[in-house]
Amino acid sequence: MIVRSEYNYVSRHWVRPKGDSYRAGAFKIRLDHLDQGYLPALASRTFEVDAGIHELRVQFHWYRSPLIRFEIDSSESATFQATIPKSFATVIRLLITPWCALNLDQIATTSG
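1. Description of the nonpolar core
Judged by nonpolar contacts, the single largest core of 20 residues is most densely connected at Met1, Phe27 and Leu56. Where this core is concerned, the elements lending two or more residues are β2 (27–31), β5 (52–60), β7 (68–72) and β8 (76–83). The residues touching Phe27, leaving out its near neighbours within four places in the chain, are Ser5, Tyr7, Gly37, Tyr38, Leu39, Val58, Gln59, Phe60, Ala82, Thr83, Ile84 and Leu102.

2. Thoughts on the packing of aromatic side chains
The relative placement of two aromatic rings is captured by the distance of their centres and the angle of their planes. Under the counting rule described, the total for this entry stands at 3 aromatic pairs. Geometrically, the ring pair formed by Trp62 and Tyr63 is tilted, given 5.2 Å between the ring centres and 45° between the ring planes.

3. A word on the side chain of Glu55
Among the secondary structure elements, Glu55 is positioned in strand β5. Here Glu55 falls in the buried class, since its relative accessible area comes to 14%. Within the structure, the side chain of Glu55 is placed 2.5 Å from the side chain of Arg69, a separation counted as a polar contact.

4. Overview of the pairing of strand β3 (residues 34–39)
For a regular strand, side chains alternate in direction, first toward one face of the sheet and then toward the other. Inspection of the sheet shows β2 paired to β3 by 4 bridges, in the antiparallel sense. Within β3, the position partnered with Lys28 by the bridge is Tyr38. Remark: 2 residues form the turn of the hairpin made by β2 and β3, two consecutive strands paired antiparallel; Asp32 in that turn has positive phi of roughly 55°.

5. Concerning unusual backbone geometry
The residue His33 is not glycine, and still its phi comes out positive at about 65°. Relative to the elements of secondary structure, His33 occurs in the loop between β2 and β3. Residue class for His33 comes out exposed when judged on its relative accessible area of 52%. One non-glycine residue, His61, adopts positive backbone phi at about 55°. The topology assignment puts His61 in the loop between β5 and β6 (63–64).

Reading the values: rules and limits
Each chain carries its own residue numbering, running from 1 in the direction its sequence is written. Side-chain atom pairs in this predicted model are given and counted only at pLDDT of 80 or more, local residue features only at pLDDT of at least 70, and totals for whole chains, interfaces and linings cover all residues. Remark: hydrogens and water are excluded; side-chain values derive from all non-hydrogen atoms of the structure. By nonpolar core is meant a set of buried Ala, Val, Leu, Ile, Met, Phe, Trp, Tyr and Cys residues that side-chain atoms within 4.5 Å join together. Think of it in three bands: residues with accessible area under 20% of the maximum for their type are buried, residues over 50% are exposed, and the middle band is partly exposed, with areas taken using a 1.4 Å probe on protein chains only. Labels follow the DSSP assignment, with helices taken as runs of H or I lasting at least four residues and strands as runs of E lasting at least two, numbered in each case from the N terminus. The contact criterion used is simple: two residues touch if any of their non-hydrogen atoms lie within 4.5 Å. Side-chain rings of Phe, Tyr and Trp, where Trp is taken by its six-membered ring, are said to pair if the distance between their centres is within 6.5 Å; with planes under 30 degrees apart they count as stacked, over 60 as edge-to-face, and otherwise as tilted. Distance and chemistry together define a polar contact, namely a pair of N or O atoms within 3.5 Å, with one atom able to donate a hydrogen and the other to accept it when in protein, and with adjacent residues in sequence counting only for side-chain atoms on both sides. Paired strands, as defined in this entry, are two strands with at least two bridges between them according to DSSP.

This is how it looks when you write it as structure tokens:
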């Protein structure tokens, strides 16, 4: 399973933050309700998962994506994309529904 960040974060801090922190635009990844670390801005991470049904969510500060449930076979690979769209509708979602304001989409499933 691959998770990619399409969030083009530009740090406005005087001191450059570590790449795996919220201050650097990193998403926290939760797979099957367990923290799996951080996904730096404009990067990708690969995770080995067993065949079956899994749940994936990303978080940025207190903002979250909707929980994505997906099923994967032992010979398949799934690719997900996490981002924060830049639009007026996103601002409204961040204010009203922060628990599902981020975008997390399954963009590909390949057999291999």
